[in-house]
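# Structural features, examined
Below, each chain spelled out in residue letters.
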Amino acid sequence: MPRLFRKKSSKSGLPPGTPIYIGDRHPKKTRIMVIKYDEDQLIEKEVSTVEECLQGKESSVVTWIKIVGLQQVNLLEKVGESFNLHPLVIEDILNTTQRSKIEDYGDYLFIVVKNVDYKEDEIESNQISIILGPSFIISFQEYQEAIFEPIMDRMRNKRGILRRMRNDYLAYALLDAVLDNYFVVMEKLSDKIEVLEDELIIDPTQKTLHEIHRLKQNLIILRKSIWPFREVVSRIERSRYSLIDEKILIYIRDIYDHSIQVMETVETYRDMLSGMLDIYLSSVSNRMNEVMKVLTIIATIFIPLTLIAGIYGMNFRFMPELEIPFAYPLVWLSMLVVGLVLVGFFRRKRWI
Amino acid sequence: MPRLFRKKSSKSGLPPGTPIYIGDRHPKKTRIMVIKYDEDQLIEKEVSTVEECLQGKESSVVTWIKIVGLQQVNLLEKVGESFNLHPLVIEDILNTTQRSKIEDYGDYLFIVVKNVDYKEDEIESNQISIILGPSFIISFQEYQEAIFEPIMDRMRNKRGILRRMRNDYLAYALLDAVLDNYFVVMEKLSDKIEVLEDELIIDPTQKTLHEIHRLKQNLIILRKSIWPFREVVSRIERSRYSLIDEKILIYIRDIYDHSIQVMETVETYRDMLSGMLDIYLSSVSNRMNEVMKVLTIIATIFIPLTLIAGIYGMNFRFMPELEIPFAYPLVWLSMLVVGLVLVGFFRRKRWI
Amino acid sequence: MPRLFRKKSSKSGLPPGTPIYIGDRHPKKTRIMVIKYDEDQLIEKEVSTVEECLQGKESSVVTWIKIVGLQQVNLLEKVGESFNLHPLVIEDILNTTQRSKIEDYGDYLFIVVKNVDYKEDEIESNQISIILGPSFIISFQEYQEAIFEPIMDRMRNKRGILRRMRNDYLAYALLDAVLDNYFVVMEKLSDKIEVLEDELIIDPTQKTLHEIHRLKQNLIILRKSIWPFREVVSRIERSRYSLIDEKILIYIRDIYDHSIQVMETVETYRDMLSGMLDIYLSSVSNRMNEVMKVLTIIATIFIPLTLIAGIYGMNFRFMPELEIPFAYPLVWLSMLVVGLVLVGFFRRKRWI
Amino acid sequence: MPRLFRKKSSKSGLPPGTPIYIGDRHPKKTRIMVIKYDEDQLIEKEVSTVEECLQGKESSVVTWIKIVGLQQVNLLEKVGESFNLHPLVIEDILNTTQRSKIEDYGDYLFIVVKNVDYKEDEIESNQISIILGPSFIISFQEYQEAIFEPIMDRMRNKRGILRRMRNDYLAYALLDAVLDNYFVVMEKLSDKIEVLEDELIIDPTQKTLHEIHRLKQNLIILRKSIWPFREVVSRIERSRYSLIDEKILIYIRDIYDHSIQVMETVETYRDMLSGMLDIYLSSVSNRMNEVMKVLTIIATIFIPLTLIAGIYGMNFRFMPELEIPFAYPLVWLSMLVVGLVLVGFFRRKRWI
Amino acid sequence: MPRLFRKKSSKSGLPPGTPIYIGDRHPKKTRIMVIKYDEDQLIEKEVSTVEECLQGKESSVVTWIKIVGLQQVNLLEKVGESFNLHPLVIEDILNTTQRSKIEDYGDYLFIVVKNVDYKEDEIESNQISIILGPSFIISFQEYQEAIFEPIMDRMRNKRGILRRMRNDYLAYALLDAVLDNYFVVMEKLSDKIEVLEDELIIDPTQKTLHEIHRLKQNLIILRKSIWPFREVVSRIERSRYSLIDEKILIYIRDIYDHSIQVMETVETYRDMLSGMLDIYLSSVSNRMNEVMKVLTIIATIFIPLTLIAGIYGMNFRFMPELEIPFAYPLVWLSMLVVGLVLVGFFRRKRWI
């Protein structure tokens with residue numbers, strides 16, 4: 001079973017706002033990439049101190065500070081202080097058990113969403129936090145640097161729309177990239193379900209059952225991620241935050257529609273898997289029925305015949321039948337008749 | 001299982017708004033029909049370039065551009081540019097995995113709905129997109145040219161209401177034609193369910209089970225199509241778009257009522273099929289009970305008799321009964337008595 | 001199974017508003033009764049032409065035009081034209097698969113509700129349509145003239161409240177009469193459920209199962225009728241239509257309360273029947289358990305004894321026991337002991 | 001099963017507002033108690049005519065007219081006329097199948113709630129109707145005079161809060177007394193559930209199943225009573241009726257909280273009973289499994305041994321083994337070996 | 001089963017507002033701690049009379065009166081009087097069966113929440129009541145003094161945020177401490193579920209079933225506690241009480257998010273446990289299938305062979321086969337063939 005609930009109790013008793021990293025502590029160190037861009041230029045560099053990030057706080061170019069790895073808590077705290085982030089924000093970024101949400105802190109928007117991945121039949125979810133300021137974006141992720149690579153590629157294209165737009169469009173692009181991963185996961189699940197559906201009709205086994213179970217548990221987890229994601233997007237659409245330009249809303253509506261589509265598909269798959277489980281269960285019952293019929297047919301035919309044989313195996317002195325010359329073949333005959341009558345009975349009951 | 005989820009991952013990483021056709025790529029080429037009409041005239045022609053479509057952009061006659069087949073992406077992009085459509089609209093038209101929706105782009109309304117078809121016990125759904133402008137309508141569909149044929153027939157009738165009304169009524173007529181197909185599908189399902197209900201009472205088989213399962217899965221898919229359809233219609237009714245005249249709303253309310261009716265019937269059928277599944281399962285249990293009773297009756301009657309026969313088949317030297325002349329018929333008699341007592345026992349238990 | 005879905009596909013392709021009767025085409029011809037009343041007078045007559053209906057369109061007396069049988073489409077169309085009804089209204093009156101609804105057309109209210117009847121263990125529902133104008137009511141029904149007979153009786157009582165009130169009160173009385181039939185059906189179902197509940201505890205059979213199933217399916221259908229009925233009544237209460245006087249609303253609230261009561265009772269019965277199905281299923285399991293225990297007890301006691309008998313039936317030359325004089329009674333004794341030990345074992349397991 | 005649905009059909013056809021008593025017609029006659037109180041005095045007397053009630057209609061003292069028994073319809077009608085009650089109110093008071101509700105008639109509030117009682121494992125519900133006027137309260141109940149006795153006791157206490165407050169506080173006290181009975185019933189059910197839970201783990205029987213079933217049905221009925229009760233209280237809190245002083249609302253909020261608590265507990269118990277039913281069902285399956293294992297073990301061990309014995313019981317002339325002196329003990333040995341091997345097999349399968 | 005419903009009926013009949021302690025009457029006596037703090041000072045002392053509490057009612061320092069143990073009803077009543085609390089408030093504090101809630105009494109807020117604990121596989125819930133006045137907080141708890149110890153530790157830290165903030169922040173800190181216990185319980189449940197999930201796949205036993213059942217019942221209880229907790233927090237966030245400063249709301253929103261997370265996790269766990277129950281049930285069925293197959297295979301192979309042996313054990317005088325020298329080995333051979341044919345049959349049926 002995928003881990004549903006990462007330990008948070010180590011924190012209990014500490015004052016709220018204490019920054020402690022709660023997660024699977026991937027061994028990589030924290031890396032900070034700074035990307036600055038406008039229509040004319042694009043500067044990408046990796047920095048090692050927080051001060052280097054701050055150089056680009058002026059508003060004409062967009063600055064994207066991309067932070068991968070949340071182990072170096074001090075570094076992240078310094079980022080928080082430099083950008084005047086509320087202590088609860090830094091705490092939430094580090095606590096990767098967070099539920100997806102969006103919060104308006106006036107100067108900046110704080111967005112947390114869950115990215116998903118499907119590895120070895122398990123759904124893994126990791127947390128992406130986004131700070132959207134007036135001209136900058138800071139993104140925090142635990143690992144998996146590659147998920148924003150397609151965005152970098154598009155940014156390198158000088159005439160791409162990304163370069164012409166500002167950081168609110170970039171925030172949309174990040175959310176869209178995360179949502180795309182849900183589609184990838186859904187497709188993999190969809191393939192699995194189709195395979196299982198065929199297996200179920202042709203030859204359901206105990207393994208089929210466990211696969212259905214595992215898919216159901218995975219869908220429960222997926223659902224737990226996509227519902228709050230949809231809420232976040234819906235709130236962006238409705239709240240008309242000043243930091244997000246109105247012409248971006250049409251794009252937000254687009255991912256809103258897609259997140260609803262994922263949600264509905266999750267529900268549809270759950271319904272389908274429930275249906276498949278019912279079918280599995282009745283297949284098991286049906287097969288048991290088959291087994292019982294075979295036993296009953298055999299026992300019903302042979303036990304009476306065995307009794308006949310047993311009777312003429314008795315050692316009574318006076319058993320006149322034993323002396324009759326044709327008695328033996330007659331017994332054979334009567335056994336045959338009894339057997340055929342019983343077979344006929346089962347035919348009529350449609351068991352054979 | 002019907003394909004729930006068409007591959008969309010081939011797109012992941014591409015910038016939003018990139019027009020790529022996602023669908024079952026039917027081999028036909030894209031055809032463009034242009035229909036112009038008002039009360040006095042009706043012109044139908046097939047065109048091969050986008051420019052020919054544009055000739056009729058003046059507002060006194062209604063222009064319906066009917067596009068069938070979405071393979072020629074360039075052509076569709078050109079249509080989009082000519083009519084000033086947002087890139088996301090063209091992307092959504094091509095991505096036939098879209099959820100039904102309506103979007104107001106100011107100059108035009110963009111409507112996506114799912115048309116359904118029931119072939120070989122599977123529900124197929126394909127996407128119809130409609131652009132409703134000030135005096136024109138553009139409809140996009142993947143295949144199945146025939147679904148709008150009845151509308152064409154009515155349009156050819158000079159005194160029909162269609163000719164007297166403008167393009168908002170035509171939009172209504174298109175939606176109504178799509179909804180009619182849901183009714184056709186529901187009727188076919190209804191027939192199936194009635195047949196199954198009878199089968200269930202008289203002689204349920206494994207096939208009955210699989211049919212119930214298949215119908216349930218089909219209803220899940222149908223439900224996934226009709227819910228957003230209803231939302232689209234409801235939004236038209238409530239939003240009072242400037243492009244749709246108020247006197248059309250009474251017609252919209254009519255299809256709204258019908259879409260609710262389809263929805264409710266889908267839910268009713270699901271409830272009924274669930275009930276039928278329960279009955280199937282208890283029929284299986286009941287039949288197993290029958291089988292077990294036969295086995296138990298036979299075994300309970302004959303096993304003790306076999307023991308009696310076995311006892312008098314033993315070879316002990318000193319078995320006084322063996323010498324008694326009437327012992328053999330007495331054994332027969334006692335067997336009969338034991339057998340009858342057991343039969344009586346089963347009678348009292350109401351097993352026979 | 002009751003027919004859920006009457007054929008509507010015959011209509012598909014026809015323009016909306018085309019009046020076609022969709023129903024079970026009862027062979028009676030359409031009858032038109034005209035009732036005119038105020039506090040002083042009451043005139044009842046059957047008319048054969050639409051023109052005769054129109055004579056009483058003045059406002060001082062209330063005119064109730066009661067139309068039974070929807071086969072003569074032309075006649076109904078003429079009624080529609082005479083009273084200036086929208087073509088969609090006439091279409092909806094004829095299409096008896098309609099969902100219950102109320103629509104305000106300014107000059108008149110159009111109300112559709114479903115009347116129910118319980119015959120031969122099936123719920124039949126038929127459609128009642130009501131046009132409420134300024135001083136007239138037109139009611140349309142498929143058959144079953146008798147359902148409004150009690151209203152006629154009360155109307156003939158000169159001092160009854162009906163004669164003192166206007167046509168909005170009459171509309172209420174018609175709805176109340178329809179709702180009364182729901183109560184009658186609920187009572188019949190309630191009786192059935194009580195009988196089944198007893199059967200279930202005492203001696204559940206396959207028939208009990210099918211009865212539960214049938215009741216569940218009937219409740220699904222009943223629920224599909226009462227929900228929209230409640231919506232209609234609720235909308236009357238909330239919308240404060242100008243055609244319905246405010247002092248009528250207290251009566252409307254009364255039928256609203258009753259329709260909620262029917263709805264809740266339907267849900268309660270469904271829950272109860274689900275509970276009964278669970279009990280049925282576990283009764284079947286329990287009985288199978290009983291059967292298996294009998295088999296197991298018999299087999300476990302007699303099979304070992306049969307082995308003992310078999311052993312001493314072997315023909316080995318050197319079997320010293322066979323020569324011992326008391327061996328035979330000893331074998332009997334040992335069989336008795338084995339049997340009793342096994343019986344004791346089953347006692348301890350609480351199987352006997 | 002408790003009676004869900006008292007006959008109302010006897011009324012169908014009568015005009016609304018016709019006062020007919022629908023209930024279990026307890027044989028007692030209708031009694032009328034009049035209680036008048038303010039801080040200084042308390043007068044209790046039983047009256048026999050309606051006129052005597054009316055003497056205290058002045059506003060300085062509070063008058064509580066407590067009517068027990070609804071058989072004397074004429075008397076109640078007279079009460080209705082004297083206090084100017086709407087005919088529908090009197091009808092609703094007499095029709096004890098009413099759903100709980102509150103209605104504002106301007107001069108007075110009309111409240112109907114259901115009182116519950118738990119007798120012989122069945123929930124009985126009876127109807128309490130309350131008319132709250134400017135300075136009086138009329139309460140109607142079918143029987144069970146005792147339920148308001150605690151209120152009378154408190155009223156006799158001169159310094160109690162009841163004496164200092166007016167009739168709106170009395171209305172609250174009546175509702176609170178009714179709600180207290182729900183708590184009493186819930187406790188009894190809670191005790192039952194705890195007993196059943198233990199039974200279920202230790203030794204579930206058919207009786208356990210029927211008890212679970214009965215509790216579930218009782219909870220369904222309880223739920224049907226408490227939901228509308230909660231609605232009534234919630235409406236009092238929200239509607240700010242002029243007849244109920246604002247300082248009473250804090251008390252109303254208190255019973256609102258308690259009614260929610262009852263509702264939630266009902267739902268919790270239903271969930272728990274569903275869980276218990278699942279456990280019961282799997283216990284039955286598990287026990288069947290045990291039974292089958294015993295049968296299979298016995299049959300699998302003894303049937304092959306019986307075959308061996310049977311083989312050496314054959315009467316072929318040339319069976320060399322029969323002549324070997326140690327053959328007989330060898331057969332015993334081989335039987336032992338076969339038996340032990342099979343026992344070992346079942347051990348490994350963990351069946352023994 | 002955890003006690004769901006503590007006796008409240010002992011109270012029925014008493015006037016509302018009567019202070020009676022309803023709970024498990026832990027034997028400790030009531031202890032009162034008074035903590036006064038501002039940025040400069042922190043005074044902790046235990047007092048024995050209510051008068052000592054009152055000394056610090058001035059507004060410059062924050063006073064936290066922490067009351068543990070609710071047995072001394074008189075003492076608590078005196079507290080109530082001293083702080084002018086409404087009698088219903090004191091009654092609710094003592095009635096520990098209360099549902100979580102928040103009530104605004106103008107001068108003070110009254111908050112009731114449930115604290116949870118997981119001991120010996122049972123969830124225990126106890127009640128925490130909080131009175132938030134202008135410059136003081138009174139907290140009431142039944143036992144378990146330790147739950148607020150972490151807050152005391154943080155308060156002793158002079159530079160902690162707690163010392164800089166006022167009593168509304170303290171109220172938040174108390175609620176946060178309670179919510180932390182939910183997380184602790186969830187983690188323990190999560191560990192249990194993971195263990196069970198493994199057990200389920202590898203070797204499910206009756207014990208597994210009872211564990212799943214117990215977890216489900218515990219989740220039902222947990223859910224009953226967290227839902228109203230969430231409502232309380234949500235109401236604080238939305239109602240903007242004057243006693244809670246706006247800058248505290250960001251912290252309230254934080255615990256709101258966390259309470260939603262707990263709720264969703266509870267629902268997720270319930271879904272998972274339902275899935276696990278299904279798997280358990282089909283495992284039982286599958287195992288029964290296995291058992292039946294073994295029985296059927298053994299019986300089907302050996303019963304016919306036993307018949308053959310029985311036939312040649314018959315004592316007919318004229319059985320020509322008996323005289324044939326190779327008959328005996330031929331019978332062995334034929335038995336082998338029959339056995340192998342049947343084994344082959346079961347192979348093909350995939351039972352072996």
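Computed from a prediction, not measured in an experiment: that's the story for all the values here. (Residues numbered from 1 in each chain as written. Chains lettered and ligands numbered in written order. Predicted model: local features only at pLDDT ≥ 70, side-chain atom pairs only at ≥ 80, totals over all residues.)

### Here's the deal with the overall build of chain A
- Looking only at helices and strands, one finds nine helices and seven strands in chain A.
- Taking 2.2 N^0.38 as the reference for a compact globule, 352 residues should give roughly 20 Å; the C-alpha atoms of chain A span a radius of gyration of 34 Å, well beyond that estimate.
- Along the first, second and third principal axes, the C-alpha set of chain A runs to 120 × 45 × 30 Å.
- When each of the 352 residues of chain A is scored for burial, the buried share is 45%.
- Sequence separation of 24 or more characterises 69% of the internal contacts of chain A that already satisfy a separation of 6 or more. (Helix = DSSP H or I, 4+ residues; strand = E, 2+ residues; numbered from the N terminus. Rg over C-alpha atoms; globule rule 2.2 N^0.38 Å. Buried ≥ 20, exposed ≤ 12 C-beta atoms within 10 Å, placed from the backbone. Contact = placed C-beta atoms within 7 Å.)

### Some words on the relation of the copies chain A and chain E
- Between chain A and chain E, the superposition needs a rotation of 72 degrees and an axial shift of 0.0 Å, giving an RMSD of 0.1 Å. Those values place the two copies in the arrangement expected of a five-fold rotation axis. By C-alpha distance to the rotation axis, the residue of chain A lying nearest is A:Gly313, at 4.6 Å. (Least-squares fit on C-alpha atoms with pLDDT ≥ 70 in both.)

### Some remarks on the relation of the copies chain B and chain C
- Of the two same-sequence chains, chain B is brought onto chain C (RMSD 0.1 Å, axial shift 0.1 Å) by a rotation of 72 degrees.
- An asymmetric contact is evident, with only 19% of the interface residues of chain B recurring at the interface of chain C.

### Quick look at the interface of chain B and chain C
- Counting residues at the interface gives 52 residues for chain B and 49 residues for chain C.
- Elements with a contribution of two residues or more to the side of chain B that touches chain C: helix H4 (149-156), helix H6 (167-202) and helix H8 (249-311) of chain B.
- The dominant element in the side of chain B that touches chain C, judged by the number of residues it contributes, is H8(B), at 31 residues.
- Considered class by class, the residues forming the side of chain B that touches chain C number 23 nonpolar, 16 polar and 13 charged. (Nonpolar A, V, L, I, M, F, W, Y, C, P; charged D, E, K, R; others polar.)

### Points about unusual backbone geometry
- Of note in the backbone geometry, C:Glu120 takes a positive phi value of approximately 50 degrees without being a glycine.
- The topology assignment puts C:Glu120 in the loop between strand E5 (109-119) and strand E6 (122-132).
- Residue C:Glu120 is classed as exposed on the basis of its C-beta count, with 5 C-beta atoms lying within 10 Å.
- Although it is not a glycine, D:Arg240 sits at a positive phi angle of roughly 50 degrees.

### A word on the sheet that holds strand E4 (residues 101-104) of chain D
Residue and element names in this part refer to chain D.
- Strand order across the open sheet formed by seven strands is E2-E1-E3-E7-E6-E5-E4, with mixed pairing between neighbours. Of all the strands in the sheet, just strand E2 (42-47) and E4 have a single pairing partner and so form its edges. Pairs of neighbouring strands in the sheet enclose a mean axial angle of 20 degrees, with direction left out of account.
- Where strand E3 (residues 62-68) lies against strand E7 (residues 136-141), six bridges are found, and the strand directions are parallel. Across the sheet, residue Val-68 finds its bridge partner in E7, namely Gln-141.
- Against the sheet, helix H6 (residues 167-202) engages E3, strand E5 (109-119), strand E6 (122-132) and E7, with an angle of about 25 degrees to E5. (Pairing = 2+ DSSP bridges. Axes fitted to C-alpha atoms, helices over the stretch in contact; angles between N-to-C directions.)

### Points about the sheet that holds strand E4 (residues 101-104) of chain A
Residues and elements named next belong to chain A.
- Read across the sheet, seven strands follow the order E2-E1-E3-E7-E6-E5-E4 without closing on themselves; strand pairing throughout is mixed. The outermost strands of the open sheet, each flanked by one partner alone, are strand E2 (42-47) and E4. Pairs of neighbouring strands in the sheet enclose a mean axial angle of 20 degrees, with direction left out of account.
- Sheet analysis places strand E1 (residues 31-37) next to strand E3 (residues 62-68), joined by seven bridges and oriented antiparallel. Paired with Ile-32 across the two strands is Ile-67, which belongs to E3.
- Its contacts with the sheet place helix H7 (residues 206-239) against E4, strand E5 (109-119) and strand E6 (122-132), and it is angled at close to 150 degrees to E5.

### Quick look at the interface of chain A and chain E
- Facing 49 residues of chain A, the contacting portion of chain E comprises 53 residues.
- Broken down by element, the side of chain A that touches chain E gets its largest block of residues, 19 residues, from helix H8 (residues 249-311) of chain A.
- A class-by-class count of the residues in the side of chain A that touches chain E yields 28 nonpolar, 13 polar and eight charged.

### Section: the confidence of the model for chain A
- Chain-level statistics for chain A give a pLDDT mean of 87 and a share of 92% at 70 or above.
- Interface confidence in the predicted complex, given as ipTM, is 0.80; pTM for the same model is 0.84. (pLDDT = per-residue confidence, 0-100.)

### Digging into the pairing of strand E4 (residues 101-104) of chain E
- Direction of pairing for E4(E) relative to strand E5 (residues 109-119) of chain E: antiparallel, over a ladder of four bridges. Within E5(E), the position partnered with E:Ile102 by the bridge is E:Ile111.

### Focus: helix H9 (residues 327-348) of chain C
- Compared with an ideal rise of 1.5 Å per residue, which puts 22 residues at 32 Å, H9(C) spans 31 Å between its outermost C-alpha atoms and is within 8% of the ideal.
- Positive phi shows up at C:Arg350, right after H9(C), with a value of about 65 degrees. (Expected span 1.5 Å × (residues − 1).)

### Some points on the packing of helix H7 (residues 206-239) of chain C against helix H8 (residues 249-311) of chain C
Residues and elements named next belong to chain C.
- Where H7 contacts H8, the two axes come as close as 9 Å, and the packing angle between them is 160 degrees. Accordingly, the angle class assigned to the pair H7 and H8 is roughly antiparallel. Where H7 crosses over H8, the handedness of that crossing is left-handed.
- Of the residues in the contact of H7 with H8, the class split is 23 nonpolar, three polar and six charged. (Parallel < 35°, antiparallel > 145°, perpendicular 65-115°, else oblique. Left-handed = near helix turned anticlockwise from the far one by under 90°.)

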